[in-house]
Amino acid sequence: MTATHTLRVPGAQLHYEVRGAGPLLLITGSPMEAEAFASLADALASDHTVVTHDPRGISGSTLDDPDEDTLPDRRADDVAAILDALGADTADVFGSSGGAVTGLALVARHPDRVRTLVAHEPPVMEILPDAAEQRAKTEDIIETFHKEGQGAAWMKFMAVAGFVTEDGESAESGEGGEGGEGGEGGENAPDGPFGEPTEQDLANGARFFGHDLRGTARYVPDIAALTAAPTRVLVGVGAESQGLITYRTSTVLAELLGTRPVEFPGDHAGFLGDPKGFAEALRNTLTS
């Protein structure tokens, strides 16, 4: 059984969901909302209390100021507020993509709140050797969104991420993506230019390109804070993610942290294609 809750935080009202029983595990994405993690959460709920949520400005988590640009630090404070609302001193945290960036910020800002962080393929472009080039590509995607709309922006985003070629053809990797479930760009590629997006998909996409993408892509992990924290910080990568930009960012981040990446089924969003297998891998990682 899943219980839904709302929580008032500075500048926003958050939607979050709780299911299961056992050690507390919070799953966070960005821009992925709670619904996208439902199958994974269900697969973990037999032995965990699983918390999922809509990040601020996405789906059920509404903003006082819709024009607010959201930064990972603000999202991290939201997660800490959810833990407070649950009366939880600590939790394990699984962060996917932009949610992995949120998790890194959470450990840096609230190091005593996280037992283990599994940061699965965080797009921390600023730690790459070609950071300036990646920054320019991000700005081009955002400019394309403002000038040509979401369809064109999603195509560029998918190409930069490695899901499709510059001509829009499917890349070798076929499971990942930010939200959405199907389409020509891979089995679980973003709805973006593929399929028929809902009104909420379009609102979330506009939020992502207009207010979230830049702050997430420009986030610089505080390596000193992450290594000094009592938290066990693990970086996850998909077994089929080698062609994705987030595979590069993840391997570089793990090296900076002095660890080795932990492999999970599928690629960037392997939990969509194989939630039970992914849940088992996450369960084993948390208990190892």
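All of these numbers come straight from a predicted model, not from anything done at the bench. (Residues numbered from 1 in each chain as written. Predicted model: local features only at pLDDT ≥ 70, side-chain atom pairs only at ≥ 80, totals over all residues. Heavy atoms only, no water.)

Trainee: What is the right way to look at the overall build of the protein in this model?
Mentor: For the protein, the helix and strand inventory stands at 10 helices and nine strands. Considering only intrachain contacts with a sequence separation of at least 6, the fraction spanning at least 24 residues in the protein is 70%. Roughly 11500 Å² of accessible area belongs to the protein as shown, and the carbon and sulfur atoms make up 49% of that amount. (Helix = DSSP H or I, 4+ residues; strand = E, 2+ residues; numbered from the N terminus. Contact = heavy atoms within 4.5 Å. Areas by Shrake-Rupley, 256 points an atom, 1.4 Å probe, with all protein chains shown as cover.)

Trainee: Looking at this structure, how should I read the side chain of Glu 17?
Mentor: Tracing the backbone shows Glu 17 in strand β2 (residues 12-20). Of the polar contacts made by the side chain of Glu 17, one reaches the side chain of His 15; its length is 2.9 Å. Leave out the neighbours within four places in its chain, and Glu 17 touches Thr 2, Ala 3, Thr 4, Ala 34, Val 50, Val 51 and Thr 52. (Polar contact = N/O pair within 3.5 Å; in protein donor to acceptor, adjacent residues only side chain to side chain.)

Trainee: What is the right way to read the packing of helix α4 (residues 131-148) against helix α5 (residues 150-161) from this model?
Mentor: The description of two helices packed together rests on the angle between their axes and the distance between the axes. Orientation of α4 relative to α5, taken along the N-to-C sense of each, is 165°, at an axis distance of 7 Å. On the basis of the axis angle, α4 is roughly antiparallel to α5. Viewed along their axes, α4 and α5 form a crossing whose handedness is right-handed. On α5, the residues that touch Gln 134, Lys 137, Asp 140, Ile 141, Thr 144, Phe 145 and Glu 148 of α4 are Gln 150, Ala 152, Ala 153, Lys 156, Phe 157 and Val 160. Classifying every residue of the contact of α4 with α5 gives six nonpolar, three polar and four charged. (Axes fitted to C-alpha atoms, helices over the stretch in contact; angles between N-to-C directions. Parallel < 35°, antiparallel > 145°, perpendicular 65-115°, else oblique. Left-handed = near helix turned anticlockwise from the far one by under 90°. Nonpolar A, V, L, I, M, F, W, Y, C, P; charged D, E, K, R; others polar.)

Trainee: Just checking my understanding: could you explain the side chain of Asp 212 for this structure?
Mentor: Tracing the sequence through the fold places Asp 212 in helix α6 (residues 199-217). Of the residues examined, Asp 212 reaches a relative accessible area of 2% and is grouped as buried. Dropping the residues within four chain positions of it, Asp 212 is found in contact with Ile 58, Thr 70 and Arg 207. (Buried < 20%, exposed > 50% of the residue type's maximum accessible area, 1.4 Å probe, protein only.)

Trainee: Is there a simple way to explain the nonpolar core in this structure?
Mentor: Nonpolar side chains in soluble globular proteins generally cluster together in the buried interior. Counting residues in each nonpolar core, the largest one holds 38 residues, and the members touching the most others are Leu 26, Val 51, Ile 82, Leu 104, Leu 106, Val 107 and Leu 117. Residues Ala 36, Val 50, Phe 264 and Leu 286 belong to the second largest nonpolar core, which totals 20 residues. (Core = buried A, V, L, I, M, F, W, Y, C linked by side-chain atoms within 4.5 Å.)

Trainee: Explain the pattern of salt bridges to me, please; I cannot follow it from the model alone.
Mentor: Any two side chains of opposite charge can pair, so long as their charged atoms come close to each other. This model, assessed by the stated rule, comprises 20 salt bridges. Residues Arg 109 and Asp 77 are paired through a salt bridge, measuring 2.9 Å at the closest nitrogen-oxygen approach. Here the residue Arg 109 occupies a position in helix α3 (residues 98-109), and Asp 77 occupies one in helix α2 (residues 72-86), the gap between them amounting to 32 residues. According to the relative accessible area criterion, Asp 77 is partly exposed, its value standing at 26%. Three or more residues are tied together by salt bridges with common partners; here these are Arg 56, Glu 68, Arg 74 and Asp 78. (Salt bridge = Lys/Arg side-chain N within 4 Å of Asp/Glu carboxyl O.)

Trainee: Looking at this structure, how should I read α6?
Mentor: Spacing of three or four residues puts side chains on the same side of an α-helix, whose turn is 3.6 residues. Helix length check: α6 (19 residues) gives 25 Å between terminal C-alpha atoms against 27 Å at 1.5 Å per residue, within 8%. Within α6, the axis deviates most sharply at His 211, by approximately 50°. Those residues of α6 that fall on the buried side of the exposure criterion are Asn 204, Gly 205, Arg 207, Phe 208, Phe 209, Gly 210, His 211, Asp 212, Leu 213, Gly 215, Thr 216 and Ala 217. Considering only its buried residues, α6 is in contact with β5 (62-63), α2, α3, α4 and α5. (Expected span 1.5 Å × (residues − 1). Bend = angle between axes of the 7 residues up to and from the residue.)

Trainee: Looking at this structure, how should I read α3?
Mentor: Here α3 is 12 residues long and its end C-alpha atoms lie 17 Å apart, about the 16 Å a rise of 1.5 Å per residue gives. The element α3 is largely enclosed, with a buried count of 10 among its 12 residues. Taken as a whole, α3 has its buried residues at Gly 98, Gly 99, Ala 100, Val 101, Thr 102, Gly 103, Leu 104, Ala 105, Leu 106 and Val 107.

Trainee: What exactly am I supposed to notice about the packing of α5 against α6 here?
Mentor: For the pair α5 and α6, interaxial distance at closest approach is 11 Å and the crossing angle is 60°. Compared by their axis directions, α5 and α6 come out oblique. Considering how the two elements wind past one another, α5 and α6 form a crossing that is left-handed. Along its contact with α5, which presents Gln 150, Ala 153, Trp 154 and Phe 157, the element α6 presents Asp 201, Leu 202, Gly 205, Ala 206, Phe 208, Phe 209 and Leu 213. Of the residues assigned to the contact of α5 with α6, the class counts are eight nonpolar, two polar and one charged.

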